[in-house]
Amino acid sequence: MYIDFHSHFLPQIDDGSRSIEESVKILDKMAENHTDILIATPHFYCSEQSIDSFIKNRDHAYERLRPHIKPTHPGIGFGAEVLFDQALVNHEQLPKLCIKGTDYLLLEMPYTDLTDKIIDGVEAIVNRGDVKVLVAHIERYLNFTSMKSLEKLMRLDVMGQINAVSMTKFKTRKRCLKLIGSGFVHVLGSDFHRIDREHVTVNVGFDEIVKKYDDFKEFAERNGKMLLKNEPIENILTL
């Protein structure tokens, strides 16, 4: 089973799909490449909108798309790609942004050095008790911060996600394999935005990973199923 935990295919809600037609093309591509479950994770920036207005806009985007969804398309889940902000640490409505039916939050880190203040903020979210953290595309942050800082973040009780396309390029593939070897990667996402960009579906990423870690696909599938069942994060992290 292929589960994609990070995508922007909903129409006209963020910098992803520009139209219903493009959304359908993305879903067609997902189906052609055997994606079974696709989580819609539009960008959420707490400085720009309220959580309630975000959810209303996300639901509206899906309702516009829903009549065009085909039986062959993946099953669809709903979440958000939430940019970390200190204002979120004690935000009472933060659980509403979790992947629907779970307490798992896809959290994007700022594109800057991962300072102790930022990492402490993530730890405070982890310690809330009502949210479990899945860190989005962890390989990207190494463009802005040190491996030491990223390791400090990922040693918290958090899960990590990488983008499938990062496994198709030499520099980022090397990073991803190191992060997988360190035990920081638990699931994959496509981070699919536009049909005419270089995004790849998650099966492509898995095909590259298993060349070195032949049991990773089964590991990630198990993690993904447990996440969607909202099992305790410690059960996943100790696998």
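Given the structure is predicted, the values throughout are model-derived calculations rather than measurements.

Before going further, it helps to examine the pairing of strand 6 (residues 104–108). Taken residue by residue, a regular strand's side chains alternate between the two faces of the sheet. Burial analysis of strand 6 places 5 of its 5 residues in the buried class, which makes it a mostly covered element. Taking every second residue as pointing to the same face, both faces of strand 6 are buried, with Y104, L106 and E108 on one and L105 and L107 on the other. Judged from the 3 bridges that link them, strand 5 (residues 81–83) and strand 6 form a sheet pairing that is parallel. Looking at the pairing, V82 lines up with L107 of strand 6. Sheet topology note: the strand 6/strand 7 (residues 132–135) ladder contains 4 bridges and is parallel. From the neighbouring strand, L107 faces strand 7, where its bridge partner is V135. As for the winding sense of the linkage, the β-α-β connection from strand 6 through helix 3 (residues 116–126) to strand 7 is right-handed.

Turning our attention to the pairing of strand 2 (residues 35–40). Relative to strand 2, strand 1 (residues 2–4) runs parallel, the two being bridged by 3 bridges. Considered in strand 2, the bridge of Y2 is made with T35. Regarding the hand of the β-α-β motif, the stretch spanning strand 1, helix 1 (residues 20–32) and strand 2 is right-handed. Bridge count for strand 2 against strand 4 (residues 75–78) is 4 bridges, and the pairing is parallel.

A word on unusual backbone geometry. Not every positive phi belongs to a glycine, and Q12 is a case in point at roughly 55°. Although it is not a glycine, H34 adopts a positive phi angle of roughly 70°. Mapped onto the fold, H34 is located in the loop between helix 1 and strand 2. Residue class for H34 comes out exposed when judged on its relative accessible area of 52%.

Right, let's talk about empty space enclosed by the protein for a bit. Taken as a whole and assessed by the stated rule, the structure comprises 1 cavity of 30 Å³ or more. The computed volume of the largest cavity comes to approximately 60 Å³. Around the largest cavity, the lining residues are M1, Y2, I3, F5, V187, L188, F206, K217, A220 and E221. For the lining of the largest cavity, the secondary-structure elements that each account for two or more residues are strand 1, strand 9 (187–189) and helix 7 (216–228). Classifying every residue of the lining of the largest cavity by side-chain character gives 8 nonpolar, no polar and 2 charged.

Rules of the game
- Residues numbered from 1 in each chain as written.
- Predicted model: local features only at pLDDT ≥ 70, side-chain atom pairs only at ≥ 80, totals over all residues.
- Heavy atoms only, no water.
- Buried < 20%, exposed > 50% of the residue type's maximum accessible area, 1.4 Å probe, protein only.
- Helix = DSSP H or I, 4+ residues; strand = E, 2+ residues; numbered from the N terminus.
- Pairing = 2+ DSSP bridges.
- Right-handed = clockwise from strand over helix to strand, strands pointing away.
- 1 Å grid on protein atoms, 1.4 Å probe; cavity = no way out; pocket = protein on both sides within 12 Å on 5 of 7 lines; lining within 4 Å.
- Points joined across faces, edges and corners; volume = space filled by probe spheres on them.
- Nonpolar A, V, L, I, M, F, W, Y, C, P; charged D, E, K, R; others polar.

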